[in-house]
Amino acid sequence: MRKSHPVRRAVLATAATVSGIVLLLSLKPASDPGAAQAAGGAAPPAAAQSPQGGAQPIGDGTVTGDAVSTQYGAVQVRLTVNGGKITKAEAVQAPKGGQSDQVTSRSVPRLNRATVTSQGAEVDAVSGATYTSAGYTKSLQSALDKARAAGGSGGAGAGGEAGEAGEAGEAQTRTVTGDVAQTQYGPVQVRITVSGGKITKAEAVQTPKGGQSDRISSGAVPKLDQAAVAAGSAEIDAVSGATYTSAGYKQSLQSALDKAGG
């Protein structure tokens, strides 16, 4: 019998090994999604991706931003929100007196319209009204922050005021800011916190300032704050020596109570 040549045996052994490897690979299941789909199987589900944030919705109702002091006077913005959109913007406070009247009458309507158009605080400053525009934008942002807080907790409800805590309803705590009352010595504005239909806190966010007014305000306002909580209404006595401040306080307090439904 003729012996096999050593080279031939090596070639045959190599061919057998390669054939075995190919057979094993053909039996291994596909592991990547594309191969599984090509074979008629279902690809593993892709990992769910969380949304990339986005602006928090703003609650319906009326919300007043913080009063912002500028070189020429205070600016304060109030927004009306319906269906999650700003339907009205107005400045409840703006610089007054002398040339400020002209600047305010020209710039504030433009800022109001720009707010409704932009649906945010990204509004351009009005030429010639830099300080008023800056104060308006800052108060506007404050109002939007409060409205978003209200939107995140269910909203203030139609016609309601969005409180700083964003809560509404008789059994819940909310904060309401009254309208500004102008007096002979300066504006007075009152903010109240209402819980369970009762005033739990009253504070003057604006009072007459400068000279003797500082002394009168520091002596009278704490007494008026305490009286408002004790009375639970605007039926409080004027503080002796602070007749104008007391009258303005009561006027703004009643406005806040009206907004709170009290």
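Model, not experiment: these values are computed from the prediction.

(A) Summary view of the overall build of the chain. Across its full length, the chain carries six helices and eight strands. Across the chain, helices and strands are ordered from the amino to the carboxyl terminus as α-α-β-β-β-β-α-α-β-β-β-β-α-α. Each of the 262 residues in the chain was classed as buried or not, and the buried ones make up 37%. Expressed as a percentage of contacts within the chain between residues at least 6 apart in sequence, the contacts between residues at least 24 apart total 48%.

(B) Broad picture of the packing of helix α5 (residues 212–231) against helix α6 (residues 243–260). Following both chains from N to C, one finds α5 and α6 inclined at 35°, their axes separated by 10 Å at the closest point. Here the hand of the crossing between α5 and α6 comes out right-handed. In this structure, α5 uses Ile216, Val221, Leu224, Asp225 and Ala228 to contact α6, whose residues at the interface are Thr245, Ser246, Tyr249 and Leu253. Split into classes, the residues belonging to the contact of α5 with α6 amount to six nonpolar, two polar and one charged.

(C) Structural context of the side chain of Thr207. Tracing the sequence through the fold places Thr207 in the loop between β8 (198–206) and α5. Thr207 sits in the buried class, given a relative accessible area of 18%. Not counting residues within four places of it along the chain, the set of residues in contact with Thr207 comprises Pro187, Ser217 and Val221.

(D) View of the pairing of strand β5 (residues 174–177). Of the two faces of β5, the one lined by Arg174 and Val176 and the one lined by Thr175 and Thr177 are each fully buried. Where β5 meets strand β7 (residues 186–195), four bridges bridge the pair, whose relative direction is antiparallel. Directly across from Thr177, in β7, lies its bridge partner Arg191.

(E) Summary view of the nonpolar core. Membership of the largest hydrophobic core comes to 19 residues, with the highest contact counts inside it found for Ile192, Tyr249, Leu253 and Leu257. At the level of elements, β7, β8, α5 and α6 are the ones that each hand at least two residues to this core. A total of five residues in this core trace back to one element, the largest contributor, which is α6.

(F) Representation of the environment of Leu111. Within the secondary structure layout, Leu111 lies in helix α3 (residues 99–118). Given a relative accessible area of 1%, Leu111 falls into the buried group. Along the sequence, Leu111 and Thr132 sit 21 residues apart, while their C-alpha atoms lie 9.6 Å from each other. If near-sequence neighbours (up to four positions away) are discounted, Leu111 is found in contact with Val123, Asp124, Val126, Thr132, Ser133 and Tyr136.

(G) Local environment of α3. Taking 1.5 Å per residue, 20 residues should reach 28 Å; α3 reaches 28 Å between its end C-alpha atoms and fits that length. Its axis deflected by about 25° at Ser105, α3 carries its strongest bend there, up to four residues before the proline Pro109. Listed as buried for α3 are Ser100, Val103, Thr104, Ser107, Val108, Leu111, Asn112 and Thr115. Residue Gln119 follows α3 closely and has a positive phi angle near 55°.

(H) The packing of aromatic side chains, seen in detail. The full count for this structure, using the stated rule, is two aromatic pairs. On the basis of an interplanar angle of 70° and a centroid distance of 5.5 Å, the ring pair of Tyr72 and Tyr131 is categorised as edge-to-face. Remark: Tyr131 occurs in helix α4 (residues 130–152) and Tyr72 occurs in the loop between β2 (68–70) and β3 (73–82); sequence separation between them is 59 residues. Pairing Tyr185 with Tyr244 gives two aromatic rings, centres 5.4 Å apart and planes at 70°, and the pair type is edge-to-face. Taken together, the residues span a long stretch of sequence, with Tyr185 in the loop between β6 (181–183) and β7 and Tyr244 in helix α6 at a distance of 59 residues.

What counts, and at which threshold
Residues numbered from 1 in each chain as written. Predicted model: local features only at pLDDT ≥ 70, side-chain atom pairs only at ≥ 80, totals over all residues. Heavy atoms only, no water. Helix = DSSP H or I, 4+ residues; strand = E, 2+ residues; numbered from the N terminus. Buried < 20%, exposed > 50% of the residue type's maximum accessible area, 1.4 Å probe, protein only. Contact = heavy atoms within 4.5 Å. Axes fitted to C-alpha atoms, helices over the stretch in contact; angles between N-to-C directions. Left-handed = near helix turned anticlockwise from the far one by under 90°. Nonpolar A, V, L, I, M, F, W, Y, C, P; charged D, E, K, R; others polar. Pairing = 2+ DSSP bridges. Core = buried A, V, L, I, M, F, W, Y, C linked by side-chain atoms within 4.5 Å. Expected span 1.5 Å × (residues − 1). Bend = angle between axes of the 7 residues up to and from the residue. Phe/Tyr/Trp six-rings, centres within 6.5 Å; stacked < 30°, edge-to-face > 60°.

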